[in-house]
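Okay, here's what each chain looks like letter by letter:
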Amino acid sequence: MTVNLEVAEGVGTLRLDRPPMNALDVATQDRLKELAEEATRRDDVRAVVLYGGEKVFAAGADIKEMQVMDHTAMVLRSRALQDSFTAVARIPKPVVAAVTGYALGGGCELALCADYRIAAEDAKLGQPEILLGLIPGAGGTQRLARLIGPSRAKDLIFTGRMVKADEALSLGLVDRVVPAGEVYAQAHAWAAKLAQGPALALRAAKEAVDTGLETDIETGLAVERTWFAGLFATEDRERGMRSFVAEGPGKAKFL
């Protein structure tokens, strides 16, 4: 399989496995969607790590496959392409990308679907589609601009240039830069910590933030208000407040 889902300690690792560069061909895109939806459904998956292995995250689409596609073929395929990445972005659990090596084109767009990005010191990221006479087609024009702002996003998209990890950090494209050998361990630790948290509250927080970014503030506040009040009906809220009163903050144990 070109993508695998491995689960341990409440963390599901969605691992790309298409050597040598994890090129995101149609089969890989479809498999990614299938496993993202599985991770969404499974109760034993409480947080997710996106990982491409020690050498490379994903170097982009399969250009040889795309080269033979004409306009009609891409009209038919482009929605499925976006849907596979959207399935990852909509996993209602914390998602962290462990970025090693190259995250270019579709690889960068996949990292953008995560809630948090940890990159290796030697990682390189970018949206080089313009160099092929194209634009990003798996959400890059939308998610990148929302993440780092329109001017910075246009710089990367217009030029197609790659950025090293330190610049990616300064742009806000990644959230932490660590030695290459520590990327997966630190990403897994981030996910494992959150996997022990209150699942419904984490889901509510993610949906409120993401929905708010896509709409006006009044609608966003309404979503926040609805989730906030709804969480008062959960056992996790009872457990968290009871623990706070009895033991102080940060000691609650959630199921």
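Source: prediction; values computed, not measured.

K.L.:
How would you sum up the environment of Leu156? Please name residues and give values.
P.N.:
Locating Leu156 in the fold gives a position in helix α6 (residues 150-159). Residue classification places Leu156 among the buried positions, given a relative accessible area of 1%. Separated by 30 residues in sequence, Leu156 and Gly126 have C-alpha atoms that sit 6.6 Å apart. Not counting chain neighbours up to four residues away, the residues in contact with Leu156 comprise Gln127, Leu144, Ile148, Arg161, Val163, Leu171 and Leu173.

K.L.:
Explain the packing of aromatic side chains to me, using residue names and the numbers behind them.
P.N.:
Applying the stated rule across the entire model yields three aromatic pairs. Look at Tyr51 and Tyr184: their rings are 4.6 Å apart centre to centre, the planes differ by 35 degrees, and that puts the pair in the tilted class. Of this pair, Tyr51 sits in strand β3 (residues 47-51) while Tyr184 sits in helix α8 (residues 183-195), and the two are 133 residues apart along the sequence.

K.L.:
Tell me about the packing of helix α9 (residues 199-213) against helix α10 (residues 217-230), residues and numbers included.
P.N.:
The N-to-C vectors of α9 and α10 enclose an angle of 170 degrees; their axes lie 8 Å apart at closest approach. Looking at the two axes, α9 sits roughly antiparallel to α10. Residues Leu200, Arg203, Ala204, Glu207, Ala208, Thr211 and Gly212 of α9 form the contact with α10, whose own contacting residues are Gly220, Val223, Glu224 and Trp227. Per-class residue counts for the contact of α9 with α10 are five nonpolar, three polar and three charged.

K.L.:
I'd like a description of the sheet that holds strand β4 (residues 95-99), backed by residues and values.
P.N.:
Pairing within the open sheet is mixed, and its six strands lie in the order β1-β2-β3-β4-β6-β9. Of all the strands in the sheet, the pair left with one neighbour each is β1 (3-8) and β9 (176-178). Strand after strand, the sheet turns through a mean of 20 degrees between neighbouring axes, direction not considered. In this structure, strand β6 (residues 116-120) lies alongside β9, joined through three bridges in parallel fashion. Considered in β9, the bridge of Ala119 is made with Val177. Along the sheet, helix α1 (residues 26-41) contacts β1, β2 (11-16) and β3; its crossing angle with β1, the most-contacted strand, is approximately 25 degrees.

Conventions used here
Residues numbered from 1 in each chain as written. Predicted model: local features only at pLDDT ≥ 70, side-chain atom pairs only at ≥ 80, totals over all residues. Heavy atoms only, no water. Helix = DSSP H or I, 4+ residues; strand = E, 2+ residues; numbered from the N terminus. Buried < 20%, exposed > 50% of the residue type's maximum accessible area, 1.4 Å probe, protein only. Contact = heavy atoms within 4.5 Å. Phe/Tyr/Trp six-rings, centres within 6.5 Å; stacked < 30°, edge-to-face > 60°. Axes fitted to C-alpha atoms, helices over the stretch in contact; angles between N-to-C directions. Parallel < 35°, antiparallel > 145°, perpendicular 65-115°, else oblique. Nonpolar A, V, L, I, M, F, W, Y, C, P; charged D, E, K, R; others polar. Pairing = 2+ DSSP bridges.

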